[in-house]
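# Fold and contact review
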There are 2 protein chains.
Amino acid sequence: MVTTDFTLEGRHFRRDWHGPESAGHRTLARGLSDLAAMGAKPLAAFLSLALPRGLEKRWISLYLNGLRELAERAGVPLAGGDTAEAPGDGVLADIVLLGSLPEGTALLRSGARAGDLLYCSGRLGGAAAELLSLQQDGKSSRRRANGIGEHPQLFPEPRLAVGARLREKGLATACIDLSDGLSSDLAHLCEASEVAAEIELSRIPLHPLAKGNVELAVHGGEDYELLFAARPETKMPRAIAGVPLTCIGRFKRRGKAPQMSQIAAYGRLTELRRGGWEHLIGS
Amino acid sequence: MVTTDFTLEGRHFRRDWHGPESAGHRTLARGLSDLAAMGAKPLAAFLSLALPRGLEKRWISLYLNGLRELAERAGVPLAGGDTAEAPGDGVLADIVLLGSLPEGTALLRSGARAGDLLYCSGRLGGAAAELLSLQQDGKSSRRRANGIGEHPQLFPEPRLAVGARLREKGLATACIDLSDGLSSDLAHLCEASEVAAEIELSRIPLHPLAKGNVELAVHGGEDYELLFAARPETKMPRAIAGVPLTCIGRFKRRGKAPQMSQIAAYGRLTELRRGGWEHLIGS
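Starting afresh in each chain, residues are numbered from 1 along the sequence in its written order. Chain letters start at A and ligand numbers start at 1, both assigned in the order the entries are written. It should be noted that, the model being predicted, local features are given only for residues of pLDDT at least 70 and side-chain atom pairs only at 80 or more, the latter also being counted only at that level, while totals for whole chains, interfaces and linings use all residues.

### Quick word on the pairing of strand β8 (residues 226-230) of chain A
All names here are of chain A. In this scheme the burial state of a residue depends on its C-beta neighbours within 10 Å: 20 or more other such atoms mean buried, 12 or fewer mean exposed, and anything in between means partly exposed; the C-beta positions come from the backbone. Helix and strand assignments follow DSSP, with helices taken as H or I runs no shorter than four residues and strands as E runs no shorter than two, numbered in order from the N terminus. Of all five residues that make up β8, five are buried, and the element is covered over most of its length. Pairing between strands is defined by DSSP: at least two bridges between them are needed. Relative to β8, strand β5 (residues 117-121) is paired through four bridges, and the arrangement is antiparallel. Bridge assignment links Y119 to a residue of β8, and that residue is F228. With four bridges connecting them, strand β6 (residues 174-177) and β8 associate as antiparallel partners. Looking across to β8, one finds that A174 is bridged to A229.

### Some points on the interface of chain B and chain A
With 25 residues of chain B in contact, the opposing surface of chain A contributes 24 residues. Put simply, the parts of the chain that give the side of chain B that touches chain A at least two residues each are β1 (2-8), β2 (41-51), β3 (78-85) and β4 (92-100) of chain B. Class assignment for the residues of the side of chain B that touches chain A results in 11 nonpolar, eight polar and six charged. Our contact criterion uses C-beta atoms placed from the backbone: two residues qualify when those atoms are within 7 Å. By the convention adopted, Pro, Cys, Tyr, Trp, Phe, Met, Ile, Leu, Val and Ala count as nonpolar, Lys, Arg, Asp and Glu as charged, and the other residues, Gly among them, as polar.

### Some points on the packing of helix α1 (residues 20-38) of chain B against helix α4 (residues 160-168) of chain B
Residue and element names in this part refer to chain B. Orientation is described by lines fitted to C-alpha atoms, with helices fitted over the stretch in contact, and by angles between N-to-C directions that extend from 0 to 180 degrees. α4 packs onto α1 with a crossing angle of 20 degrees between their chain directions and a minimal axis gap of 7 Å. Looking at the two axes, α1 sits roughly parallel to α4. Between α1 and α4 lies a crossing of left-handed hand. Facing L32, L35, A36, A37 and M38 of α1, the residues of α4 in contact are L160, V162 and G163. For this classification, under 35 degrees means roughly parallel, over 145 means roughly antiparallel, 65 to 115 means roughly perpendicular, and everything else is oblique. Handedness of each helix crossing follows the sense of rotation of the near helix against the far helix: counterclockwise by less than a right angle gives left-handed, clockwise gives right-handed.

### Things to note about the domain arrangement of chain A
All names here are of chain A. With domains assigned, chain A is organised as domain 1 (2-100) and domain 2 (117-276). Just so you know, the domain bounds were taken from an automatic or database domain assignment. Averaged C-alpha coordinates put domain 1 and domain 2 at centres separated by 23 Å. Put simply, the parts of the chain that give the side of domain 1 that touches domain 2 at least two residues each are α1 (20-38) and β2 (41-51). When its residues are assigned to classes, the side of domain 1 that touches domain 2 shows nine nonpolar, six polar and six charged.

### Overview of the relation of the copies chain B and chain A
To line up the copies, we fit them by least squares on C-alpha atoms, keeping just the residues with pLDDT of at least 70 in both. For these two chains of identical sequence, chain B goes onto chain A by a turn of 180 degrees and a shift of 0.0 Å along the axis, with RMSD 0.0 Å. Classification of the inter-copy transformation places it as that of a two-fold axis. A high fraction, 96%, of the interface residues of chain B reappear at the interface in chain A, so the copies pair face to face through one surface.

Okay, structure coming up:
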C-alpha cells in the first residue's frame, strides 16, 4: 500500500523549535507510523520537498541527515522524489511510503467490537510535554536523543515492530497510530468500528516528561504510539520489541450514552470529548 | 515506478488566473506527464492536499472535479491521499503516481547519442502564450477546453499514448516531458546523455496561440509535450494517437562548442541558452 503525509512548516513543525534533524526525522516518522498502524513493512520512501528561496544549505543537509538516519534504522531506502521552490517562507514536505503486507491482512480502524479491550503501546503525553517546553524555552535543544523516548516530540519513534507483530500474531482487531491525540484517534477508531469506548485515566502509562499531567496524554498528540483493540481472551504480551503494551480501557456497544467516556481516578464516569491539539503549533 | 510532483499555489498556478478545475487538472497532468515521458502506464494516483483555512468548499469541489475528469480519461484511479490544513494562504498539492512498465524498458533521459534526431510531439508555445494572456487579462476564463489543445496552459494534455507507443515500438532512445521549457528540458537531455544538440527554429511546430513567437516555444514551459531522441534510421510515424511528431533538430558530439545551439530561419548558428520560465508565475 501507499501512504502520503504532509509535514508543513508552521503546521507540523516550527523551524525555531524543531532543529533540522528533528524536522527531517519527523517527516519520515509520520509516514512510517501510518505503516506501523497497519502492521505493514516499509519498502521504499519518496520525498517531495519544497524549500523557500534562501534557505541555508546547512539546514537542508541536516534535515536530510535526520530523515536518512531514521530511514536507515527502519531499513527503508529513500528511493526518489521531487524538489521545488516553495512559494512562501515555509518548508513543505510530503513523504510517500510504499509498504507491503500479505493481501487482506492489514490492521484496520474498523475491526473493534463491543467487548474488545483497548491498548496502547509505550508511554503517552511526552510529545505534548516536550512541545510545551519548546514553546516556553523558544528554541530547540537540537540534540539527537541518546535513548529512544528521550525526545518524544523531536524524535518520535514509529512503532513498526509492534504493528508488524500485532498483525502477524493476530493480536489486534483494530489499530491506529496516535498522531492527533488519544481522544481524537480513539474517536476515529470508534467511528470506523461503530462502537463506543471507555478509558480508565489511571491506567494510562504516562511519559515521565508529562509529569503526571494526564491531559497531555489524553489530548496531546504526536506520540506516534499505537492505539489498538484486542479480543478480551487474547493473551497480550506485556511488551513487544521492548515497548510496553498497556490495557487502558474497553469498547462498548453504541447506545444513547456518549461515544467516548472516561473513568477518573476516583471512579467517576464522564464523557470524553475530542480535545484539540493542533492549535499548539498551528496558527 | 513512483513519481511525485508538487503543485503549489503561487508557484505552479495562481488562483486568480487558473480556475479550480484547471488547478485540479494541472495537478494530475504534471504527474501523468512524468509517466508519459517514461512510456509508463499509470496505475493509481494519490493526492496530498493542504488547504488554507476558509477556502470555499466550492473551490475544493471544482478542483477535485478537474482532477477526477482527467483521471477518468487517463484511466487512473484516485486511490487515496492525505489532507491537511495549509500553514499559509496557498493551496499545496502533491500528486503521487504509481506507473508500470516492463522492467528495464523505461524511456530515459540518458539514451541519446550523437547523430540521433530530436523530435517533439504536438505544438509548442501555447501554454506560455495562454499564461501571458491570463497575466494581461488578470483572470481565468474558467471554461474547460472543448477541444484538446484549446487551453494548453489551463488544461495541458499529458501525452501518455505517445510515450507508451514510443517505448513499445522502440522508436525513441531518450525522452523527457516539456515542463520547464524546450531550452531547459533539452539541456537536461544533453546533460544526462552527455551529448550536444542543435535545433532548427524554423522547424518548431508552433501552437496557434503563440502567434509566430518562437521564443514562447523555446523558452516557455508547461506545454507538457514530449521531447525525444531517435536514431536517424528509425522510421518515425508522422503522428501517434492523433498527436503530430516533428523533427526539430539533432544531437551532436560534445565538444568545445556550446552544448546547445540553434539555427535561425536565415541560417545563422548561435548558442541556445537555457531560458527562464518560472519567473512568469513565481515571485
